[in-house]
Amino acid sequence: VSLAVAPTVLFLAVNTTSAFPDATGAGAAGTYTAGLTLATLAVGVSLVRYPLFDVTAAVGTIGERAIVRETDDLVFVVDDRGHVIKLNETAVETLAVDRASALDTPLSDLVGHSADDLDRLETVMLQTVGSGQQYDPQVSTIAAHDGRELGAMCSLRDVTDRELREQRLAVLNRVLRHNLRNKTEVVRSRAEALTNGDAAQPE
């Protein structure tokens, strides 16, 4: 409202002066001065009273873009058809695809799984530049204000090192249990042998 006052006042000042061509120069000057003063006050109120140039919204928008751009996760935004409409630089570099040709392509053509498949799977294997990698998929539905699903955002986090570590721990666990089981059997056998030997001796 404050910003709207400025052009409105100037418009009225100009038209008022034009409507009375016989007005003296002093009267016209006074009308212009009053209009300019009120317009300046309105703009001043807008700048001082309200956060007209508050950067919070801009920071939020830039921050969201930075998160998608700087993250190591592969990020895809798909529409309700399952076609990719956005992907971040990490996805482009990791999958060695051309951004322009990847757009409007089914997600399954790029990663081998649709968004619905990724939502059900715990990990997926992707053939990336150099070798295959294990990824942990996360899918978030994008909905309109009326609840209608518009698409989804899919992120794939590289968990290859974690999976390898868990596999090694599983192998170590099996080896350790096997060795402990063998040693326990040896101790049990010797204990039984000693017990039987004592029972066989005469009193």
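Structural data are supplied above this passage.
Below is a summary of the structure that appears in this document. Here the structure is a predicted model, which is why all the values come from computation and not from measurement. (Residues numbered from 1 in each chain as written. Predicted model: local features only at pLDDT ≥ 70, side-chain atom pairs only at ≥ 80, totals over all residues. Heavy atoms only, no water.)

### Some remarks on the overall build of the protein
For the protein, the count of helices and strands is eight helices and five strands. Classification of the 203 residues of the protein by burial places 25% in the buried group. Long-range pairs, those at least 24 residues apart, make up 38% of the contacts in the protein with a sequence separation of at least 6. By element, 58% of the accessible surface of the protein is carried by carbon and sulfur atoms, the whole surface being about 14500 Å². (Helix = DSSP H or I, 4+ residues; strand = E, 2+ residues; numbered from the N terminus. Buried < 20%, exposed > 50% of the residue type's maximum accessible area, 1.4 Å probe, protein only. Contact = heavy atoms within 4.5 Å. Areas by Shrake-Rupley, 256 points an atom, 1.4 Å probe, with all protein chains shown as cover.)

### Examining unusual backbone geometry
The backbone of Ala96 sits at a positive phi, close to 55°, despite the residue not being glycine. Topologically, Ala96 is positioned in the loop between helix 4 (89-95) and helix 5 (99-102). Residue Ala96 is classed as exposed on the basis of its relative accessible area of 58%. If you check the backbone angles, Asp104 has positive phi at about 65° while not being a glycine.

### As for the pattern of salt bridges
Applying the stated criterion across every chain yields a total of seven salt bridges. Across the pair Asp73 and Arg157 runs a salt bridge whose closest N-O atoms are separated by 3.0 Å. Remark: Arg157 occurs in strand 5 (residues 149-158) and Asp73 occurs in the loop between helix 3 (56-70) and strand 1 (74-79); sequence separation between them is 84 residues. Here Asp73 falls in the buried class, since its relative accessible area comes to 11%. According to the relative accessible area criterion, Arg157 is partly exposed, its value standing at 49%. Of the charged contacts in the structure, one is a salt bridge between Glu89 and Arg99, with a shortest N-O distance of 2.8 Å. (Salt bridge = Lys/Arg side-chain N within 4 Å of Asp/Glu carboxyl O.)

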